[in-house]
Amino acid sequence: MTPGVRPFVAGNWKMNGVFASLGEIEAMRRAADAGEAGEAELAVCPPATLLAQAAWKIRGGKLSLGAQDCHPEPSGAFTGDISAPMLKDAGATYVIVGHSERRTLHYETDALVRAKAEAALKAGLTAIVCVGETKEERQAGDAIAVVTRQLKGSLPPGGGPDSVVVSYEPVWAIGTGLTPTPKDVTEMHGAIRTLLGEIYGPGGSKLRILYGGSVKPGNCRDLLTLDNVDGALIGGASLKAAEFLAIAAAYR
Ligand code: 13P
């Protein structure tokens, strides 16, 4: 946790969720409205097909809504893509960019991730910029160097605590049940905090730095209370409201 920074717990549904899943979002909204996550802000990032309907379900409440990706251009001949202004129009306030699944499976570079983050800011969205090393990179002792390089290449110029969130997600921890040690997380988040100060100046000390990768109700307290860990980006455990809220309850 960082003094003076409001924690943030977000669910990344990835390519999961259909109309029937909106009930989970309604349950999350009820919990957010009831303050079940204490001071923490809660958000859910369903697939784009559910955004508009989810926005309708959460209107007037305290649950925030995010998307999982955006195109760098605001409109045009890009079949199948979705722009940041479209996401904003559908009711999102956040958009994840640079998730490792997109960096790996869609060959997204730091430059493209930065262009997407810039498009997000231009549209009035807050960009959740994801970074993280592979198992080989960690074993080679390069984890901090890799994440530093990704952040320098991916963060949008002119960002600040209200427009950018960083999510550190070691690739080898995503969906595996494995997590880094508290010492490794503290070391990485400390390095990210220092870098954010260099890039954004004083605002960098207030940016939220999330941890992502196999966060579960059983390990969330150990991870979320570490220095410079300002919340979590949760995959599998965010699909069911009960599990997601059990994690968010770490902030109660
Ligand atoms: P899991 O929580 O399923 O490991 O996924 C983490 C993630 O990729 C969040 O963006």
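Below you will find a few notes about this structure. Since this is a predicted model, take the numbers as computed values, not measurements.

Definitions and cut-offs
- Residues numbered from 1 in each chain as written.
- Predicted model: local features only at pLDDT ≥ 70, side-chain atom pairs only at ≥ 80, totals over all residues.
- Heavy atoms only, no water.
- Axes fitted to C-alpha atoms, helices over the stretch in contact; angles between N-to-C directions.
- Helix = DSSP H or I, 4+ residues; strand = E, 2+ residues; numbered from the N terminus.
- Left-handed = near helix turned anticlockwise from the far one by under 90°.
- Contact = heavy atoms within 4.5 Å.
- Nonpolar A, V, L, I, M, F, W, Y, C, P; charged D, E, K, R; others polar.
- Near = heavy atom within 4 Å.
- Polar contact = N/O pair within 3.5 Å; in protein donor to acceptor, adjacent residues only side chain to side chain.
- Areas by Shrake-Rupley, 256 points an atom, 1.4 Å probe, with all protein chains shown as cover.
- 1 Å grid on protein atoms, 1.4 Å probe; cavity = no way out; pocket = protein on both sides within 12 Å on 5 of 7 lines; lining within 4 Å.
- Points joined across faces, edges and corners; volume = space filled by probe spheres on them.
- Expected span 1.5 Å × (residues − 1).
- Buried < 20%, exposed > 50% of the residue type's maximum accessible area, 1.4 Å probe, protein only.
- Arc of directions from axis to C-beta.

Considering the packing of helix α7 (residues 143-154) against helix α8 (residues 182-200)
- Running from amino to carboxyl end, α7 crosses α8 at an angle of 30°, the nearest separation of the two axes being 10 Å. Along this stretch, α7 crosses α8, giving a crossing that reads as right-handed. Contacts from Ala 143, Ile 144, Val 147, Thr 148, Leu 151 and Lys 152 in α7 reach Glu 187, Met 188, Ala 191, Ile 192, Leu 195 and Ile 199 in α8.
- For the contact of α7 with α8, a count of residues per class yields 9 nonpolar, 1 polar and 2 charged.

As for the site of the ligand
- Near the ligand, the surroundings consist of 13 residues, among which Lys 14, His 99, Gly 175, Ser 214 and Gly 236 are the closest.
- A distance of 2.8 Å separates an oxygen atom of the ligand from a polar backbone atom of Ser 214.
- One of the backbone nitrogen or oxygen atoms of Gly 235 is found 2.9 Å away from an oxygen atom of the ligand.
- Protein chains shield 97% of the accessible area of the ligand, which is 310 Å² for the free molecule.

So, the layout of surface pockets
- Of the volumes computed, that of the largest pocket is approximately 550 Å³.
- Lining the largest pocket are 20 residues, with Lys 14, Gln 68, Asp 69, Arg 102 and His 106 sitting closest to its centre.
- Ranked by the residues each element gives to the lining of the largest pocket, the list is headed by helix α4 (residues 100-105), at 3 residues.
- The class makeup of the residues in the lining of the largest pocket is 9 nonpolar, 6 polar and 5 charged.
- In this structure, the second largest pocket is lined by 17 residues; those nearest its centre are Lys 14, Gly 175, Ser 214, Gly 235 and Gly 236.
- For the lining of the second largest pocket, the class distribution of residues is 4 nonpolar, 10 polar and 3 charged.

Focus: helix α5 (residues 110-122)
- Here α5 is 13 residues long and its end C-alpha atoms lie 18 Å apart, about the 18 Å a rise of 1.5 Å per residue gives.
- Those residues of α5 that sit buried are Val 113, Lys 116, Ala 117, Ala 119 and Ala 120. In an axial view of α5, the angular spread of the buried residues amounts to 160°, which keeps them on one side of the axis. Of the exposed residues in α5, the ones pointing more than 90 degrees away from its buried face are Ala 111 and Lys 122.

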